[in-house]
There are 2 protein chains.
Amino acid sequence: MKYRDAGVNIKAAQKSVKSIRRLARETFSKNVLTDIGSFGALYEMKHSYSQPVLVSSTDGVGTKLEISSMTERYDTTGHDLVNHCVNDILTSGAEPLFFLDYIATPKLNENMIEEIIIGLAKGCKENNCSLIGGEMAEMPDFYKEKHYDIAGFIIGIVEKKRIPDIKKVKPGDILIGLKSNGLHTNGFSLVRKILFGKLKLTVEDYLPEIKNYVGDELLKIHRSYYPLLSPLREIGIIKGYAHITGGGFYDNIPRTLPHTCSAVIDTSTWETPPIFSFLQENGDIPAAEMYHTFNMGIGMVLVVGSEQEHELETFLKSKNEDFCKVGKVIEGEGKVELTGGYDG
Amino acid sequence: MKYRDAGVNIKAAQKSVKSIRRLARETFSKNVLTDIGSFGALYEMKHSYSQPVLVSSTDGVGTKLEISSMTERYDTTGHDLVNHCVNDILTSGAEPLFFLDYIATPKLNENMIEEIIIGLAKGCKENNCSLIGGEMAEMPDFYKEKHYDIAGFIIGIVEKKRIPDIKKVKPGDILIGLKSNGLHTNGFSLVRKILFGKLKLTVEDYLPEIKNYVGDELLKIHRSYYPLLSPLREIGIIKGYAHITGGGFYDNIPRTLPHTCSAVIDTSTWETPPIFSFLQENGDIPAAEMYHTFNMGIGMVLVVGSEQEHELETFLKSKNEDFCKVGKVIEGEGKVELTGGYDG
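Residues numbered from 1 in each chain as written. Chains lettered and ligands numbered in written order. Predicted model: local features only at pLDDT ≥ 70, side-chain atom pairs only at ≥ 80, totals over all residues. Heavy atoms only, no water.

1. Re the overall build of chain A
For step 1, the next point in the chain: A count of helices and strands for chain A gives 12 helices and 13 strands.
For step 2, the next point in the chain: By the compact-globule yardstick of 20 Å for 344 residues, chain A fits well, its C-alpha radius of gyration being 21 Å.
For step 3, the next point in the chain: A principal-axis box enclosing the C-alpha atoms of chain A has dimensions of 70 × 55 × 35 Å.
For step 4, the next point in the chain: Counting across all 344 residues of chain A, residues that qualify as buried make up 63%. (Helix = DSSP H or I, 4+ residues; strand = E, 2+ residues; numbered from the N terminus. Rg over C-alpha atoms; globule rule 2.2 N^0.38 Å. Buried < 20%, exposed > 50% of the residue type's maximum accessible area, 1.4 Å probe, protein only.)

See the structure below:
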C-alpha cells in the first residue's frame, strides 16, 4: 500500500504549489523575503510607524462555499475571503501587510486549487497585500466531491495612536453607511434554505425580481472598503468602523459603541437591494431577523463626529462614493434601534 | 423562518466566545492590546530586534481529526496544531508571538469548541505564544456529526541575521535527529486505511505490539521543539532545521540543503518506534514509502557544522535530550540517501 492509495497525492500537491507560487509572487511587496514553499513565510518589518501595532484576523466564507460548488466556480470565494479579512482589520485602522490561506479539499484537484488561488491573488492585489503562504490539505472522507473549505489569515499594521478609540464616540456622532455588493459572505445557510430548499430554485435560474441569475447574484464579491477608505487612515477622522457581517446591524454596530451610547438607524435612508426583499418575502422572515442576519445593502458603517461629517462627505463625494447618512449615536447602553418602517 | 432554523446559532456562538475569551486570556503576553471578540486582534510590536522579520505559517492537522472524532476527544488536536506551526516557524529561527485559529463544525457544540480551545491554549502556553483570535464557522451540511476542521495561523519573529542561511550548509556538516512523539500529524489517511480499513481495529483496541491503545497512540501530541531549542536561537549554531512532516525525510530534509549538497541518513542510528514497524508490516508498505510519509521516530533534523557539533551535543545533553547523530551532508544535488538497512 502506498500513500497515494490512501487518497493523498503529494506529487499533485507539489504541482499545485508551482502554480500557486507563480500567482502569489505577483502579489509580493518588496518586504517579502521568501517564496511560497519554505516551512515559514518571511516578511521583513520595514515600515515608517513609530508605535506599530499588528492587527490580525481570520475568517472563512461560510456556506457561500456551497454556491461555489453548485456553480463549479472556484475563483470568487478567495477574493471574498481576502476582502472580508481586509475589512475586519480596517475597523482597527490597519493597512494590510500579508495574507495566508488554508484550503481543504476531499481530493486535490489542480484546476480547482488554481481557481481558488486566482481569487485570493485578485483580492490581495486589490488590497495591496502579499499572499505570502498557505496550506493545502487533502482530506479524503471529510468533504463531498466538488466541496472544499477555505480559511484566511491576514496581518495588517496601524500606528497605535490611529486605532479608533471607542471611548471617543459620543451622542450626536453621525453614522455613515457605505453600500454593499449584495449578500457578501454571511447568511448563506438561510439563503440556501429559502432559495434551494423552499423555492426549489437552481443556480442557473433567472429571477426577474432581482434582475439576475441566482448563482451570479449569490456569488457577487464581498466588497473591500480599504481602497476607498485607505487615504482617511492618516487623517484619523473616523471614530469607528462597523463591518456588517454575521449578526447584521444588531451585533456589529454595538462593537463601535461605548456602553453609554446606542445607535439609531433610519432604514428608510437607503434603498434595500431587491435580493433582500426577495428573501424576506419568500422566506417569511421577520424584519428584525433580516437586520440581524444580513447587511441589507450597507456593508460598512462609519462613525464620525458631527464636526467632521462635512469633511468625510466631501471626501466620499470626491471618490464618487454613493454613501448614506444612516443614523446617529444617542445616549444609551450599547444597543441598536431601527426606525423608518423597517419591517415594510 | 429564522436564522436558527437554518441550523446556525449565533447565541450559542456568543456563549462559546465567552469561554474562549477566558481560556485565551491566560495565554496573553503584555503586548496583546485587545480581548478576543473585536473585529481584529491587536498586538503591539514592542521588541528588541534591530532588523525584525515576521515569520508566519498556517497548517491544519489533516485527518488526525478523524481520530479525534472517533474517540470523541477534542482537546488534543489544537495542541498538535500549535506545536506543528511553532516547529514550522522555528525552522527560520523564529520565536512565536501569536496564534489565530479557524474552527469549522457542522453544528456549534459548546463543549466540543471549549475542548478544542483547551488544546490550543495548552499549546500556546507551552510555546509562550498568545492565542489572540479566531473564527468559529458553523457550517450545516458541510461536515458529518462529531466532525470538524481546524486550521491555525502563527506569527513569529526573528532577527534577520539569525535566519538560517541554506548557502552556509556544506559537505561535512552533521545531521542531528531529535525524537518525535509518535506519528505527529501526518500520514493519517494511510494509517486509517491500514488500522481501521484493513485490520478492522477500533480506537479502543489494545495493541500488544505497540503496548498502547490504538486511540491513545494515534492522538499522541505533536511535539514542539521550541522549548528545547529556544536558547540556541541567540547563539546561531544551527545551520538548518528540517521539520519532518508530510513528505517525510525525502521532501523535508532537502529544504535545508543547497542544490550542491545531498544528505546521507543512516537509519540504523536510532530505533524506529514500534507503531511504524507495525504499520509497515501490516500495511505491506515499501520502506522508501515509509520514510516518504512518516517521521519514523525523528521529528526534527538539525544541520550543524562539524566544528559546532560538540557544542550542540553538550547543550542537548544538558537538557537530557535523547538525540541521535543521524547522518551528514555530502556533495550532491539536494537529494536524500538512506542507508543502514532501512528496508528491514
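2. Comments concerning the interface of chain A and chain B
For step 1, the next point in the chain: Tallying the contact residues gives 81 residues for chain A and 81 residues for chain B.
For step 2, the next point in the chain: Both sides together, the interface formed by chain A and chain B hides about 6,300 Å², and carbon and sulfur atoms give 62% of it.
For step 3, the next point in the chain: Between chain A and chain B we count 2 salt bridges in total.
For step 4, the next point in the chain: Note that lysine 160 of chain A is salt-bridged to glutamate 44 of chain B, the shortest N-O span being 3.0 Å. (Contact = heavy atoms within 4.5 Å. Buried area = accessible area lost by both parts, 1.4 Å probe. Salt bridge = Lys/Arg side-chain N within 4 Å of Asp/Glu carboxyl O.)

3. Let's talk about the relation of the copies chain A and chain B
Between the two copies of the chain lies a relationship made up of a rotation around an axis and a movement along it.
For step 1, the next point in the chain: Mapping chain A onto chain B calls for a rotation angle of 180 degrees and an axial translation of 0.0 Å; the resulting RMSD is 0.0 Å. What the superposition gives is, in effect, a two-fold axis relating one chain to the other. (Least-squares fit on C-alpha atoms with pLDDT ≥ 70 in both.)

4. Details of the pattern of salt bridges
For step 1, the next point in the chain: Taken as a whole, this structure holds 31 salt bridges over all chains when the rule is applied.
For step 2, the next point in the chain: The salt bridge involving aspartate 216 of chain A is made with arginine 73 of chain A; its shortest N-O contact spans 3.6 Å. Separated by 143 residues along the polypeptide, aspartate 216 of chain A in helix 6 (residues 214-218) and arginine 73 of chain A in the loop between helix 2 (64-71) and helix 3 (77-90) bring together distant segments of the chain.
For step 3, the next point in the chain: The exposure class of aspartate 216 of chain A is partly exposed, given its relative accessible area of 37%.
For step 4, the next point in the chain: With a shortest N-O distance of 4.0 Å, lysine 170 of chain A and glutamate 307 of chain A are connected by a salt bridge. Placement of lysine 170 of chain A in the loop between strand 5 (149-159) and strand 6 (174-179) and of glutamate 307 of chain A in the loop between strand 11 (298-304) and helix 12 (309-318) is noted, with a sequence separation of 137 residues between them.
For step 5, the next point in the chain: On the basis of relative accessible area, lysine 170 of chain A is assigned to the partly exposed category, the value being 39%.
For step 6, the next point in the chain: Connected through shared salt-bridge partners, Glu44 and Lys46 of chain A together with Lys160 of chain B make up one network.

5. A closer look at the environment of glutamate 26 of chain A
Residue and element names in this part refer to chain A.
For step 1, the next point in the chain: Mapped onto the elements, glutamate 26 comes out in the loop between helix 1 (10-25) and strand 1 (41-44).
For step 2, the next point in the chain: Considering only alpha carbons, one finds glutamate 26 and lysine 125, 99 residues apart in sequence, at a separation of 8.1 Å.
For step 3, the next point in the chain: In this structure the side chain of glutamate 26 is engaged in a polar contact, spanning 2.8 Å, whose partner is the side chain of lysine 125. (Polar contact = N/O pair within 3.5 Å; in protein donor to acceptor, adjacent residues only side chain to side chain.)

6. Quick word on the sheet that holds strand 6 (residues 174-179) of chain B
Residues and elements named next belong to chain B.
For step 1, the next point in the chain: Judged by pairing direction, the sheet is mixed, and its 6 strands sit side by side in the order 9-11-6-12-10-13 without closing on themselves. Every other strand in the sheet has two partners, leaving strand 9 (238-243) and strand 13 (336-339) as the edge strands with one partner each. Averaged over neighbouring strand pairs, the angle between their axes works out to 25 degrees when direction is ignored.
For step 2, the next point in the chain: By the bridge criterion, 4 bridges tie strand 10 (residues 261-266) to strand 13 in an arrangement that is parallel. The residue bridging alanine 263 from the neighbouring strand is valine 336, located in strand 13. (Pairing = 2+ DSSP bridges. Axes fitted to C-alpha atoms, helices over the stretch in contact; angles between N-to-C directions.)

7. So, the pairing of strand 9 of chain B
All names here are of chain B.
For step 1, the next point in the chain: Extensive coverage of strand 9 is indicated by the burial of 6 of its 6 residues.
For step 2, the next point in the chain: Bridge count between strand 9 and strand 11 (residues 298-304): 5 bridges; the pairing is antiparallel. Considered in strand 11, the bridge of isoleucine 238 is made with valine 304.

8. Here's the deal with the packing of aromatic side chains
Residue and element names in this part refer to chain A.
For step 1, the next point in the chain: If you walk through the whole model with that rule in mind, you get 13 aromatic pairs over all chains.
For step 2, the next point in the chain: Ring geometry for tyrosine 74 against tyrosine 148: centres 5.6 Å apart, planes inclined by 75 degrees, an arrangement best described as edge-to-face. Here the residue tyrosine 74 occupies a position in the loop between helix 2 and helix 3, and tyrosine 148 occupies one in the loop between strand 4 (130-138) and strand 5, the gap between them amounting to 74 residues.
For step 3, the next point in the chain: One aromatic cluster in this structure is built from Phe249, Trp270 and Tyr291. (Phe/Tyr/Trp six-rings, centres within 6.5 Å; stacked < 30°, edge-to-face > 60°.)

9. Topic: the sheet that holds strand 11 of chain A
Residues and elements named next belong to chain A.
For step 1, the next point in the chain: Here we have 6 strands laid out as an open sheet, ordered 9-11-6-12-10-13, and mixed in their pairing. With one partner strand each, in any of the chains shown, strand 9 (238-243) and strand 13 (336-339) form the two edges of the open sheet. Between one strand axis and the next, the sheet turns by 25 degrees as a mean value, whatever way the strands run.
For step 2, the next point in the chain: Of the strands in this sheet, strand 9 and strand 11 are in contact with helix 3, which crosses strand 9 at around 150 degrees.
For step 3, the next point in the chain: The strands touched by helix 12 within the sheet are strand 6, strand 11 and strand 12 (324-331), with strand 6 carrying the most contacts at an inclination of about 10 degrees.

10. Some remarks on the environment of isoleucine 330 of chain B
All names here are of chain B.
For step 1, the next point in the chain: Within the secondary structure, isoleucine 330 sits in strand 12 (residues 324-331).
For step 2, the next point in the chain: Classification of isoleucine 330 as partly exposed rests on a relative accessible area of 24%.
For step 3, the next point in the chain: When sequence neighbours within four positions are dropped, the list of residues in contact with isoleucine 330 reads Pro171, Thr260, Cys261, Ser262, Val264 and Glu337.

11. Quick notes on empty space enclosed by the protein
All names here are of chain B.
For step 1, the next point in the chain: Taken as a whole, this structure holds 1 cavity of 30 Å³ or more when the rule is applied.
For step 2, the next point in the chain: Forming the boundary of the largest cavity are Gly93, Arg162, Pro164, Leu232, Arg233, Gly236, Ile238 and Tyr241.
For step 3, the next point in the chain: Split into classes, the residues belonging to the lining of the largest cavity amount to 4 nonpolar, 2 polar and 2 charged. (1 Å grid on protein atoms, 1.4 Å probe; cavity = no way out; pocket = protein on both sides within 12 Å on 5 of 7 lines; lining within 4 Å. Points joined across faces, edges and corners; volume = space filled by probe spheres on them. Nonpolar A, V, L, I, M, F, W, Y, C, P; charged D, E, K, R; others polar.)

12. Considering the packing of helix 5 (residues 188-198) of chain A against helix 10 (residues 274-283) of chain A
Two quantities define a packed helix pair, namely the angle between the axes and the distance from one axis to the other.
Residues and elements named next belong to chain A.
For step 1, the next point in the chain: Orientation of helix 5 relative to helix 10, taken along the N-to-C sense of each, is 65 degrees, at an axis distance of 10 Å. Considering the relative orientation of helix 5 and helix 10, their crossing is left-handed. Contacts from Val191, Ile194, Leu195 and Lys198 of helix 5 reach helix 10 at Phe278, Leu279, Asn282 and Gly283.
For step 2, the next point in the chain: Within the contact of helix 5 with helix 10, the residues separate by chemical class into 5 nonpolar, 2 polar and 1 charged. (Left-handed = near helix turned anticlockwise from the far one by under 90°.)

13. Focus on the domain arrangement of chain A
In many reports, interface size means the accessible area that the parts give up when they come together.
Residue and element names in this part refer to chain A.
For step 1, the next point in the chain: Partitioning chain A into structural domains gives domain 1 (3-162) and domain 2 (166-339).
For step 2, the next point in the chain: With centres defined by C-alpha atoms, the gap from domain 1 to domain 2 works out at 25 Å.
For step 3, the next point in the chain: Counting from both sides, the interface comprises 29 residues of domain 1 and, opposite them, 28 residues of domain 2.
For step 4, the next point in the chain: Roughly 2,500 Å² is buried in total at the junction of domain 1 and domain 2, and carbon and sulfur atoms are behind 61% of that figure.
For step 5, the next point in the chain: Three residues, Lys64, Ile67 and Leu90, lead the burial of domain 1 against domain 2; their summed loss comes to 24% of the area buried on that side. (Domains from an automatic or database assignment.)

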